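Examination of the molecular architecture
Here are the chains, one letter per residue:
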Protein chains: 2
Amino acid sequence: MIDTIETPAIVIDEAVAYANITAFQNYCTQHNLKLRPHIKTHKLPHFAQAQIRAGAVGINCQKIGEAEVMAEAGIDDILITFNILGDAKIRRLLTLANRVKKLTVTADNSPTIAALARSFEAAKKPLNVMIECDTGAKRCGVQSAQEALFLAKTIKASAGLTFGGLLTYPPVGGAMKVNAFMAEAMALLASNDILCPEISSGGSPDMWAAKDTHTATEYRTGTYIYNDRSLVERKTCKYEDCALTVLATVVSTPTSERAIIDAGSKALTSDLLGLNGFGYIVGHPEAKIMSLSEEHGIINCKTDEFSIGERISIIPNHACVVSNLFDFAWLKTSEDEVKKVLISARGRVT
Amino acid sequence: MIDTIETPAIVIDEAVAYANITAFQNYCTQHNLKLRPHIKTHKLPHFAQAQIRAGAVGINCQKIGEAEVMAEAGIDDILITFNILGDAKIRRLLTLANRVKKLTVTADNSPTIAALARSFEAAKKPLNVMIECDTGAKRCGVQSAQEALFLAKTIKASAGLTFGGLLTYPPVGGAMKVNAFMAEAMALLASNDILCPEISSGGSPDMWAAKDTHTATEYRTGTYIYNDRSLVERKTCKYEDCALTVLATVVSTPTSERAIIDAGSKALTSDLLGLNGFGYIVGHPEAKIMSLSEEHGIINCKTDEFSIGERISIIPNHACVVSNLFDFAWLKTSEDEVKKVLISARGRVT
């Protein structure tokens, strides 16, 4: 019974999540794109399995710890989009590689590749390494096709590694930039007799324009399973497509135009993502969650719009970071049924 | 060995934390103020016990779940500064009240008090209830002395409740506002023959001016045990007083003026608290953590200031929310020794 859940709590409408999985899988299938969902959004093995069943080629993780949880659940094609550094982490990577059918990591620099090469030289099977390219997002990634070529040669010269292709996390609206970078890099690789097995792009805001990145063979996205207020504001989805809500209780109405809820930054996070306010209150389109302290949300509202004890549902600005704050989620499996599930890949910081 | 800790990680310098506990306890003792530390900052029973041993009268929690962990560890005077609403939570409160010597909650409205009164009517011992007052922070709290009097009368008329006094979470620099509100409310209570057993104020930025809130008998503060960049910027402490750092690894240097670390918003949080950048990098005063994505921190720096594989220590903007993101912390017990501890009250959202 949803009425008896203690608040604050995450509630996930399973039917909406499954519809989201199907809709974007259909888009990718139609456009001949491999879909590789990022599990950072849900951190739940059973949703990763559902994404694979629907047609995803594998999953994307950011941390070895997340990948370990997913491997335990039987997922056998895992991409970790991170430069893995440090002896302890590489040891875990070696163990993980033996547990799954295909393990891929990214790298954008020589020291990372050199350390991976040393460790995988005597491994049972090679580690697949993709080169991360900066196509304008100004995070990780090689800055030029020449750098990509140099690293590809290094990978190909390493006994324990295979070259997996090129990967980017593009800026929003960056399809043309990605195409330009990738076309140049692929041509340079080809002129050096290096086959590029895969081009992986991604990003949630532009997911329905994924086909415009015509150089890409694979698309990575996470948020599409739940959606959130930031994607509604960017017109990527509608509020009814949002599967994750934060259930909260109004605990105080100190004035007729202010209501306080039991969900603060430790439930909704401080992520604004350029938006005004900290979430959308279902059924209260004009009420504004104007500020958060750690355990309180402060709402500006119409006169007496909320009453003490009332429970409200909030679509958060950013679903992925909210999943990371709760040990458990409540899956809404029908109109009146909920099921408690452990968010087992939550808090896997390393 | 600190060099072998996998990053990102929380490292807490125990000697600095203990020195911070002692310093503010001494201040409170000198000024005849009871100190009630807020455990939200550390969420660690052994630090709560250390605070009590140093002279604190008890602890302050925000969630029943936090209080349950602390009661389990033998802490027996607990204040929960929250309107507790809902049958399940009140049942837990009844159980908790029987486990500790003194349990206090706050309330700022009649429905909350009425529900508590109903549930505690037949309890073995009464629940202590303080009235939360809004002295300008515009969060929870009654708006006037008259409202406080009305609620105090309600509490006193309830068999299962005792009136614990008045409490506020004041605005920064709000000592005079607190004194004005409390003086008026105490006079009104006195004229109605109601004794006010305690006046509790608090807040970290103003902690060294706690004595200026001369109406207060008790002071609540959390961050002082670790301190953080926000308190350094407000001149409440110095960088060398900061006990908690986030250990991170430089994983990429895509350009000579940009370095990427493995600590993003899931390690440092998006909390800016009005500051520029997402933390202070020890030994790199000019480098700026200019943006965070979930698992990456993006640093703007001098040419080739950082190298791949280098480990850095970051003093976060806001220590309390960082503690909440990690299952474990590393206690630095000497120059070269670290000890892994479970942050056992982390993630107690209800």
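Let me sum up the structure you'll find in this document. Because the structure is predicted, anything quoted here is derived from the model rather than measured.

This brings us to the overall build of chain A. Regarding its fold elements, chain A presents 10 helices and 17 strands. Once the C-alpha set of chain A is aligned to its principal axes, its extents read approximately 70 × 40 × 35 Å. Looking at chain A as a whole, 62% of its 350 residues qualify as buried. Restricting to contacts in chain A with at least 6 residues of sequence separation, those with at least 24 account for 68%. For chain A, the distance from the average position of its 36 positive side-chain charges to the average position of its 38 negative side-chain charges is 7 Å.

With that settled, the discussion passes to helix 6 (residues 145-156) of chain B. The α-helix advances 3.6 residues per turn, and as a result positions three or four apart in sequence lie on the same side. Residue and element names in this part refer to chain B. Over its 12 residues, helix 6 runs 16 Å from end to end, which matches the ideal 16 Å to within 8%, given 1.5 Å per residue. Among the residues of helix 6, those classed as buried are Ala 145, Ala 148, Leu 149, Leu 151, Ala 152 and Ile 155. Considering only its buried residues, helix 6 is in contact with helix 5 (110-120), strand 6 (127-133), strand 7 (161-168) and helix 7 (175-191).

Our focus in this paragraph is the sheet that holds strand 2 (residues 34-37) of chain B. All names here are of chain B. An order of 2-9-8-7-6-5-4-3 is seen for the eight strands of this open sheet, with the pairing classed as parallel. For this open sheet the edge positions go to strand 2 and strand 3 (59-61), each flanked by a neighbour on one side alone. Recorded for the sheet is a direction-independent mean angle of 30° between the axes of neighbouring strands. As paired elements, strand 7 and strand 8 (residues 199-202) share two bridges and run parallel to each other. The residue bridging Leu 167 from the neighbouring strand is Ser 200, located in strand 8. Running at roughly 150° to strand 7, helix 5 makes contact with strand 5 (102-107), strand 6 and strand 7 of the sheet.

Bringing helix 1 (residues 14-30) of chain A into the picture now. All names here are of chain A. Taking 1.5 Å as the rise per residue, helix 1 with 17 residues should run 24 Å; its terminal C-alpha atoms sit 24 Å apart, in good agreement. The set of residues buried in helix 1 consists of Glu 14, Val 16, Ala 17, Asn 20, Ile 21, Phe 24, Gln 25, Tyr 27 and Cys 28. Projection of helix 1 onto a plane perpendicular to its axis shows the buried side chains occupying an angular sector of 165°, all on one side. Facing away from the buried side of helix 1 by over 90 degrees, the exposed positions are Ala 15, Thr 29 and Gln 30. The inward-facing, buried residues of helix 1 abut strand 1 (9-13), strand 2 (34-37), helix 2 (45-54), strand 9 (218-221) and strand 16 (328-332). Between the side-chain oxygen at the start of helix 1 and the backbone nitrogen of Ala 15 there is a gap of 3.2 Å, and the oxygen is on Asp 13. Positive backbone phi, at 60°, marks Asn 32, one or two positions downstream of helix 1.

After a rotation of 180° and a shift along the axis of 0.0 Å, chain B superposes on chain A with an RMSD of 0.0 Å. As the rotation angle and translation indicate, the two copies are arranged about a two-fold axis. Across chain B, the rotation axis passes nearest the C-alpha of Ser270(B), at a separation of 2.8 Å. With an isologous cut-off of 70% or more, the 100% of interface residues of chain B that recur at the interface of chain A puts this contact in the isologous class.

With that out of the way, let us pick up the sheet that holds strand 9 of chain A. All names here are of chain A. Within the open sheet, the eight strands sit side by side as 2-9-8-7-6-5-4-3. Their pairing is parallel. Where the open sheet ends on each side, the last strands, each with one partner, are strand 2 and strand 3 (59-61). Neighbour-to-neighbour, the strand axes of the sheet open up by a mean angle of 30°, direction not taken into account. As judged from the four bridges shared by strand 2 and strand 9, these two strands associate in the parallel manner. Opposite Leu 35, over in strand 9, you have Tyr 219 as the bridge partner. Across the sheet, helix 6 (residues 145-156) touches strand 6 (127-133) and strand 7 (161-168), and the angle it forms with strand 7 is around 155°.

All right, on to unusual backbone geometry then. Residue and element names in this part refer to chain A. Cis geometry is found at the peptide bond from Thr 7 to Pro 8, where omega equals -5°. Position of Pro 8 relative to the elements: it lies in the segment before strand 1. Despite not being glycine, Lys 235 has its phi angle at roughly 65°, a positive value. By the element assignment, Lys 235 lies in the loop between helix 8 (229-233) and strand 10 (244-255).

Applying the stated rule across the entire model yields 33 salt bridges over all chains. A salt bridge links Glu72(B) to Arg99(B); the shortest N-O distance between them is 2.7 Å. Of this pair, Glu72(B) sits in helix 3 (residues 64-72) while Arg99(B) sits in helix 4 (residues 87-99), and the two are 27 residues apart along the sequence. Exposure remark for Glu72(B): the relative accessible area of 61% places this residue in the exposed category. Judged by its relative accessible area of 43%, Arg99(B) falls in the partly exposed class. Residues Glu294(B) and Lys266(B) are paired through a salt bridge, measuring 2.8 Å at the closest nitrogen-oxygen approach. Highlighted residues: Glu294(B) in the loop between strand 13 (288-292) and strand 14 (297-300) and Lys266(B) in helix 9 (residues 265-268), separated in sequence by 28 residues. Taking the relative accessible area as the measure of exposure, Lys266(B) reaches 5% and is therefore buried. Residues participating in the shared-partner salt-bridge network are Glu6(A), Glu68(B), Lys89(B) and Arg92(B).

Each side of the interface is counted separately: chain B has 55 residues, and chain A has 55 residues. Note on chain B versus chain A: buried area summed over both sides is about 4500 Å², and carbon and sulfur give 53% of it. Three residues stand out in chain B for area buried against chain A, namely Glu6(B), Arg139(B) and Lys266(B), and they jointly supply 14% of the buried area on that side. Our count for the contact surface shared by chain B and chain A stands at 11 salt bridges. Glu295(B) is the partner of Lys63(A) in a salt bridge, and the nearest nitrogen-oxygen pair spans 3.6 Å. The interface formed by chain B and chain A contains 27 residue pairs in polar contact (both at pLDDT 80 or more).

Rules used throughout
Residue positions are counted from 1 within each chain, in the order its sequence is given. The order in which chains are written sets their letters, starting at A; the order in which ligands are written sets their numbers, starting at 1. pLDDT decides what is reported in this predicted model: residues at 70 or higher carry local features, side-chain atom pairs at 80 or more are listed and counted, and totals for whole chains, interfaces and linings draw on all residues regardless. Calculated side-chain values reflect all of the structure's heavy atoms, with hydrogen atoms and water omitted. Going along the chain from the N terminus, every DSSP run of H or I of four or more residues is numbered as a helix, and every run of E of two or more is numbered as a strand. The cut-offs for exposure are 20% and 50% of the maximum accessible area for each residue type, with area from a 1.4 Å probe on protein chains only; residues under the lower value are buried, those over the upper are exposed, and the others partly exposed. Residue contacts are counted whenever heavy atoms from the two residues lie within 4.5 Å of one another. Positive: Lys, Arg. Negative: Asp, Glu. His and the chain ends are not part of the count. To locate a charge, take atom NZ for lysine, CZ for arginine, CG for aspartate or CD for glutamate. One fewer than the residue count of a helix, multiplied by 1.5 Å, yields its expected span. Only strands joined by at least two bridges in the DSSP assignment are considered to pair. Axis definition: a line fit to C-alpha positions, over the contact stretch in the case of helices; interaxial angles, taken between N-to-C directions, run 0 to 180 degrees. Within this analysis, the arc is defined by the directions that extend from the helix axis to the C-beta atoms. As used in this structure description, the phrase polar contact means that two N or O atoms lie within 3.5 Å; if the pair is within protein, one of them must be able to donate a hydrogen and the other to accept it, and residues adjacent in sequence are counted only when both atoms belong to side chains. Residues below a pLDDT of 70 in either copy are left out; the C-alpha atoms of the rest, at least 70 in both, set the least-squares superposition of the copies. The salt bridge criterion pairs a side-chain nitrogen of Lys or Arg with a carboxyl oxygen of Asp or Glu, the two atoms within 4 Å. Simply put, the buried area is the total loss of 1.4 Å probe accessible area from both parts when two parts are fitted together.

Geometric values such as these leave the question of function open.
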